[in-house]
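Structural description and commentary
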Amino acid sequence: MLVKKYSGELVPFDESALRKSLTRSGATDQEVDQVYKDIKDCLYDGISTRELYDAAFKALKAKKSSYAARYSLKKALRELGPEGFYFEKWVARMFQEDGYQAVTGQTVQGHAVSHEIDVVALHGETLLAIECKFRNDADAKISVTTPMYFKSRVEDVSGIPYTFFDQKKEFTDGWLVTNAYLTTDSISFGEYYKMNLLSWDYPRGSSIKARVDNNGEYPVTCLTTLTQQDKSMLLKNQCILVKDLIRDAAVLDRIQIPQPKKQQILQEAQELLASPLEHE
């Protein structure tokens, strides 16, 4: 049986890959077996990855909302668009959760030209220039020209003291972060020049999906009990992570969420954070 990818390419259906993705939702082996059985009844030759995702999402949500929330992570990151403004905010929050001070959208003058740095993060003596590459396409890949370009930008701002967080420091390193995939040439280039690259599935064991599952840094757009309007309002109120929602549940009152629905949202959020997954 063939499956049609977002690009239109037809690829063989991979049962083991589907089962693995279902397992990563946090569902038990028994629940995965049941969900797979439900999905199998919907399969047909030429089914699109979108239809396959929708069937899996619906079956997981019927088991537990937090399973569907975790399963939807990749789509949830794309919902931080359409231009990626909130993706930059989410990346900043990830670094803040790791103990950094972080700020977005900073313009600095380099040796040759000025640069807008998507995220600037400071921790101790480490000052990072972080480039965020957001993509709406589920199968998008970042070509080697992007890390090449970013390397030159980091070089242009290196060796110059800048004032951030009331401290004067020079950039010590850079990070290139994307919700998409990296081409093999991008990875080879980054590894050769010892660049910090972070994508949906790279590096193995500490990729975006691994970091989010390990540390519970889920964007609020994961939550299945929220409407698109709810998500938009939360983001506008700087509620970027599910953790932010738990820490300041009053934000739901500020965006006028009714009490019964508020309880459903918080229950899903708590379930999602209470059962972290660990990637090898």
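Residues numbered from 1 in each chain as written. Predicted model: local features only at pLDDT ≥ 70, side-chain atom pairs only at ≥ 80, totals over all residues. Heavy atoms only, no water.

Focus: the sheet that holds strand β3 (residues 47–48)
Across the sheet, three strands lie side by side as β2-β1-β3; this open sheet has mixed pairing. The open sheet terminates on both sides in strands that have one partner only, identified here as β2 (10–12) and β3. Pairing geometry for strand β1 (residues 2–4) and β2, over three bridges, is antiparallel. Looking at the pairing, Leu2 lines up with Pro12 of β2. (Pairing = 2+ DSSP bridges. Helix = DSSP H or I, 4+ residues; strand = E, 2+ residues; numbered from the N terminus.)

Digging into the pairing of strand β10 (residues 173–178)
Taken together, the six bridges between strand β6 (residues 126–133) and β10 define a ladder with parallel strand orientation. If you follow Lys133 over to β10, its bridge partner there is Thr178. Two strands pair when backbone bridges link them, and β10 and strand β12 (residues 196–198) are joined in this way by three bridges, in the parallel orientation. Residue pairing across strands places Leu176 opposite Leu197, the latter belonging to β12.

Quick notes on unusual backbone geometry
Residue Gly81 is joined to Pro82 through a cis peptide bond whose omega torsion reads 10°. Take Pro82: it is sitting in the loop between α5 (73–78) and α6 (85–97). The residue after Tyr202, namely Pro203, is reached through a cis peptide bond having omega -5°. Following the sequence through the fold, Pro203 ends up in the loop between β12 and α9 (208–215).

Points about the nonpolar core
In this structure, Trp90, Val91, Ile130, Leu234, Leu245 and Leu252 are the most contacted members of the largest nonpolar core, which totals 46 residues. With seven residues, the single largest contributor to this core is α6. With residues near it in sequence (within four places) discarded, Ile130 still touches Val91, Phe95, Ile117, Asp118, Val119, Ala121, Trp175 and Val177. (Core = buried A, V, L, I, M, F, W, Y, C linked by side-chain atoms within 4.5 Å. Buried < 20%, exposed > 50% of the residue type's maximum accessible area, 1.4 Å probe, protein only. Contact = heavy atoms within 4.5 Å.)

Things to note about the side chain of Lys231
Looking at the element boundaries, Lys231 is found in helix α10 (residues 228–236). When residues no more than four places from it in sequence are discounted, the contact partners of Lys231 are Glu79, Thr221, Leu223 and Leu226.

As for the packing of helix α1 (residues 15–23) against helix α2 (residues 29–40)
Close contact between α1 and α2 brings their axes to 10 Å; oriented N to C, the two are set at 130°. Taken together, α1 and α2 sit at an angle that is classed as oblique. For the pair α1 and α2, the crossing hand works out as right-handed. From α1, Glu15, Leu18, Arg19, Leu22 and Thr23 reach across to α2, where they touch Val32, Asp33, Val35, Tyr36 and Ile39. The residue inventory of the contact of α1 with α2, partitioned by class, reads six nonpolar, one polar and three charged. (Axes fitted to C-alpha atoms, helices over the stretch in contact; angles between N-to-C directions. Parallel < 35°, antiparallel > 145°, perpendicular 65-115°, else oblique. Left-handed = near helix turned anticlockwise from the far one by under 90°. Nonpolar A, V, L, I, M, F, W, Y, C, P; charged D, E, K, R; others polar.)

Any functional reading would require information that these geometric values do not contain.
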